[in-house]
Amino acid sequence: MQDPTHYPVSEFGPAIPGMVIGGMGIVHVFVAQFAVGAGALLLWLERAAGRGDALARRFSDGFFLFLVLVSFVFGALTGVGMWLTAVQVSAPTIGAMVREFHWLWATEWCFFLLEVVSGYLFFRYRRRLPHRTRVALLTLYAVSSWLSLFLINGILSWQLTPGEWLQTGSLWHGFFNPSFWPSLVYRTLVAWTLAALAAVLVAQLAPAFSAAERARLQRAIAPFLAPMLVMPIVGLWFVSVLPADSRGWLLGGSVAMTMFLAIAVGASTLLGLYAVVVLWWRRVAIDRATAALLLALAFAATGAGEFVREGVRKPFTIRHVLYSNAVTPTDVARMRIEGAVADDPYPVRGAEHLPNDQLILGQRVFRRLCAVCHSIEGANGVRHLTATWTTDQLRMNLAQLQRTKSFMPPFAGTPTELEALVQWLRWIAADRPRDWPTTSGDPAPLAQIRTWLDQAGTGPGGSVEHK
Amino acid sequence: MNLHAWLYQATLVPHALCAGYVTVGSLWLAGLGLRRAPEGAAADPIAELLRDWLPFVLGLAITFGVGPLLFVQLLDGPAFYTANLLLSHRFMALLPALMIGFYLLYVQKSGWRWTKTRVARVALPASAFACFAFTAWSWSRNHLLAQRPSTWPAAYADPSALPQAADLLPRLMLFFGLGLQATALLLLVQAGRIVAADARLRARLAGAAGLGLAVLLAGGWFLLPDEVRHRPPLVALGVAQVALLAGWLMVSVADRDGVLGWAVGWALGWVVGLIATATIASIGALAWMRRAGNQQTEGTAGSGAILFGAVLITVAIAIAWAVRRVVRDLGQPTD
């Protein structure tokens, strides 16, 4: 069943849906990647335990409890939360992803089931099992959790670089897309890093260990941080496979994007240097405050990295398939004629406070085309963004939206709808007076808007220059 | 038959049984906590079992729940998404509730001294129950709203048009009825040896299952006028319940050594029967499942489906192998 034209739009007050999924996503990715890395780390420690290291065995037994409480509860539920939040932000996007990759998602679910069962078996019986069985369970856990990452990585990277899939529609062209491998390698390295840093912190906090034992544990865990050395190379590999316009945002085209990239790179570099030089090479024992700070730095790097990954897709949520406002590129031309909200069945809340029908239409257009990324007066608020524009400037900037800012999608409505949006924005900027004149009867602005719309075309901003 | 519809039910039934066990089990545990045990008396074996197993079964419930969450999006994504959006924060509130409930289960299992006080033995599972009951309420409300597209615009304008308690009661009765039956059956399997030697315990479990049946039938009766109109699903449901009663009868007359074997075999049969019954019932009764049944959803076949099938079999073998190995090695000396 295809998506309907209209979904009801959730309102988040001064926040925007992107902030909700961003917050949930960063926390979930952090915990989920930690869980993936923890599987490999525990296997590493179990091998040491097999060689007679009783301390490694004691630590991994305790660390698994931490893993269960953090990953199996919080991680699993934030995973469900990601599905539900994704619906709140863009139901058509998650719908398209599910339609295209449902068998891979179902396959990922199989690995998730194996991860949970092997993990709980280990958790429940670990102290009563011989070494070989512990290794077997941890191997199942580590492999299945990494395969979950493998599958999810293909689906997420497809959104940014669908590659050959755009021509062939092949499941595997979509899955093994241009950013699949760099993204997978990078996420694996991040997973190991997070697991190692969390383990160092847990070792510091656990009262069962002496200072000498903590130092020994830190030395045992530190080699797990060594792969951080290749992170910059993998990062460059990832940037090199990005589409040119996306790379442009990162390298100065969008200041916010560049700043977040700088935070991610800066935090990772600091972390990598400290981890490799101080923890691994010089074997300096650190205290719990430092361990906590390192993990916080890793959280900042993860958060900034995820922000960048989400941001560089603009103006799409699925490149060349779906714009951020859930309009498909082929729909833009149709909506320029038929309208964006002509068959929207959902009423405008608070319509009784709007002075005329044109403003009601304007608010409806805002809800359909803008509200996913913009609030009215809060985050990324349209009032602040457009306050200094004249009315004609507003008309032209909206009509040629993809030229105004090339990370914006083209306007997908009729001149009448655009004029209604302009009047609604003016009314908001004027502090919502009780009376507001309508321009519905004036053909001149509509004709001018039509000209501007035709000039800009229906393609994304990046394509304008090529035309 | 549509493969997605079958997979939806095949994952929904285990999810519902595990979720029912956790919800009813928490309430059961709170009820047991109310009883004043004599000084030095042995711990109630049912309470011990529940306290020990509830977190793991909740983990399974969430894991199995991801399956129907995926397949419902294929079968009726637009209605599911619309209901999500209309309920918005009212629906999303189930996430923190579930998280709190999950951690409460671990707290009551922790063995910390304060958790053994009488107040804690009631308050902890009762609070967890409230969290899980709220989750059941939220999902039922979401599902019901998804089935009523004509109410969506009104519900967007005014939340009082959303499904209310009276609408949800029959569905919640079905859930709790099934949950009671699942809890009684699973406890019978888990405590087979104890139950075999204790006629009172066996009677108590049978009583819980009987109560579950009564609640389920009452809920079904309330649902009857609206959705379950077709005779074949009703007959199928009736046969499943008769089989359930027959199973309890067999357990009650089995000799001590036979109880566990009967319980395990019958529990497996009941779950498989429920999946089949639920599939038939929902395809026959629900418009969206009929639609899905008639529709060849993209990607029903192909390399993705083959990969899924192969991995599913591999994972099932791996799980069976792991469980067998753990059972075998539990008696071995650790190194």
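Being a predicted model, the structure only gives us computed values, none of them experimental.

(A) The arrangement of the overall build of chain A in detail. Counting secondary structure elements, chain A contains 18 helices and two strands. Each principal axis of the C-alpha atoms in chain A carries an extent, and together these give about 85 × 45 × 40 Å. Taking all 467 residues of chain A together, the buried fraction comes to 51%. Taking all contacts inside chain A whose residues are at least 6 apart in sequence as the whole, residues at least 24 apart take part in 77%.

(B) The overall build of chain B, seen in detail. Looking only at helices and strands, chain B has 13 helices and zero strands in total. The buried share among the 335 residues of chain B stands at 43%. At a minimum sequence separation of 6, the contacts of chain B that also span at least 24 residues come to 82%.

(C) View of helix α6 (residues 180-205) of chain A. Look at α6 of chain A: 37 Å from first C-alpha to last across 26 residues, which is about the 38 Å you get at 1.5 Å a residue. Across the 26 residues that make up α6 of chain A, a large majority, 22, are buried.

(D) The packing of helix α5 (residues 118-146) of chain B against helix α7 (residues 165-190) of chain B, seen in detail. Residues and elements named next belong to chain B. Packing of α5 against α7 leaves a shortest axis separation of 10 Å and a crossing angle of 120 degrees. Comparing their axes, α7 and α5 come out oblique. In terms of crossing hand, the pair formed by α5 and α7 is right-handed. Here Ala-136, Trp-137, Ser-140, Arg-141 and Leu-144 of α5 lie close against α7, whose contacting residues are Asp-167, Leu-168, Arg-171, Leu-172 and Phe-175. Here the residues of the contact of α5 with α7 are counted per class, giving six nonpolar, one polar and three charged.

(E) Structural detail: unusual backbone geometry. Residue and element names in this part refer to chain A. In this model, Lys-314 is joined to Pro-315 through a cis peptide bond whose omega is 5 degrees. As for its placement among the helices and strands, Pro-315 is situated in the loop between α11 (288-311) and β1 (316-318). The phi dihedral of Asn-380 is positive, around 50 degrees, even though this residue is not glycine. Checked against the element boundaries, Asn-380 lands in the loop between α13 (357-369) and α14 (382-386). In the Ramachandran plot, Arg-432 falls in the positive-phi region, its phi being about 55 degrees despite a non-glycine side chain. Relative to the helices and strands, Arg-432 is located in the loop between α17 (415-429) and α18 (443-456). Given 13 C-beta atoms within a 10 Å radius, Arg-432 is considered partly exposed.

(F) How the structure looks around the interface of chain B and chain A. Each side of the interface is counted separately: chain B has 51 residues, and chain A has 53 residues. Of all the elements in the fold, those that place two or more residues in the side of chain B that touches chain A are α2 (45-87), α4 (94-109), α6 (152-157) and α13 (303-329) of chain B.

(G) Molecular detail of helix α7 (residues 211-221) of chain A. Residue and element names in this part refer to chain A. Along α7, the residues that are buried comprise Arg-214, Leu-217, Gln-218 and Ile-221. Projection of α7 onto a plane perpendicular to its axis shows the buried side chains occupying an angular sector of 100 degrees, all on one side. Structurally, α7 contributes buried residues whose contacts are with α2 (54-125), α6 and α10 (255-281).

(H) Spotlight on the environment of Val-13 of chain B. Residues and elements named next belong to chain B. Relative to the helices and strands, Val-13 resides in helix α1 (residues 3-34). For Val-13, a count of 23 C-beta atoms within 10 Å gives the class buried. In this structure the C-alpha to C-alpha distance between Val-13 and Ala-61, which are 48 residues apart in sequence, comes to 10.0 Å.

(I) A look at the environment of Phe-71 of chain B. Residues and elements named next belong to chain B. Among the secondary structure elements, Phe-71 is positioned in helix α2. For Phe-71, a count of 28 C-beta atoms within 10 Å translates into the label buried. Separated by 59 residues in sequence, Phe-71 and Leu-12 place their C-alpha atoms 9.6 Å apart. Aside from chain neighbours lying at most four places away, what touches Phe-71 is His-4, Leu-7, Tyr-8 and Thr-11.

(J) View of the confidence of the model for chain B. Residue and element names in this part refer to chain B. Averaged over every residue, the pLDDT of chain B is 82; the share at 70 or more is 76%. Below a pLDDT of 50 lies the segment residues 293-300, which in the model reaches 15 contacts outside its immediate sequence neighbourhood of four places, other chains included. Confidence metrics for the complex model read pTM 0.90 and ipTM 0.92.

(K) Looking closely at the packing of α2 of chain A against α4 of chain B. Two elements in contact, α2 of chain A and α4 of chain B, have axes whose closest approach is 10 Å; the angle formed by their N-to-C orientations is 165 degrees. By the angle between their directions, the pair α2 of chain A and α4 of chain B is classed as roughly antiparallel. Relative to α4 of chain B, α2 of chain A is oriented so that their crossing is right-handed. Of α4 of chain B, the residues touching α2 of chain A (which contributes Leu-69, Val-73, Phe-74, Leu-77, Val-80 and Gly-81 of chain A) are Leu-95, Leu-98, Met-99, Phe-102, Tyr-103 and Tyr-106 of chain B. Here the residues of the contact of α2 of chain A with α4 of chain B are counted per class, giving eleven nonpolar, one polar and no charged.

(L) Just the nonpolar core, in detail. Residues Leu-41, Ala-195, Ala-196 and Ala-199 of chain A together with Val-57 of chain B are the most contacted members of the largest nonpolar core, which totals 233 residues. A per-element tally of this core places α2 of chain A first, with 31 residues. With residues near it in sequence (within four places) discarded, Ala-196 of chain A still touches Leu-41, Ile-221, Phe-224 and Leu-225 of chain A.

(M) Just the environment of Pro-329 of chain A, in detail. Mapped onto the fold, Pro-329 of chain A is located in helix α12 (residues 329-338). Put simply, Pro-329 of chain A and Arg-58 of chain A are 271 residues apart on the chain and 57 Å apart in space, counted from C-alpha to C-alpha.

Procedures and definitions
Residues numbered from 1 in each chain as written. Chains lettered and ligands numbered in written order. Predicted model: local features only at pLDDT ≥ 70, side-chain atom pairs only at ≥ 80, totals over all residues. Helix = DSSP H or I, 4+ residues; strand = E, 2+ residues; numbered from the N terminus. Buried ≥ 20, exposed ≤ 12 C-beta atoms within 10 Å, placed from the backbone. Contact = placed C-beta atoms within 7 Å. Expected span 1.5 Å × (residues − 1). Axes fitted to C-alpha atoms, helices over the stretch in contact; angles between N-to-C directions. Parallel < 35°, antiparallel > 145°, perpendicular 65-115°, else oblique. Left-handed = near helix turned anticlockwise from the far one by under 90°. Nonpolar A, V, L, I, M, F, W, Y, C, P; charged D, E, K, R; others polar. Arc of directions from axis to C-beta. pLDDT = per-residue confidence, 0-100. Core = buried A, V, L, I, M, F, W, Y, C linked by C-beta atoms within 7 Å.

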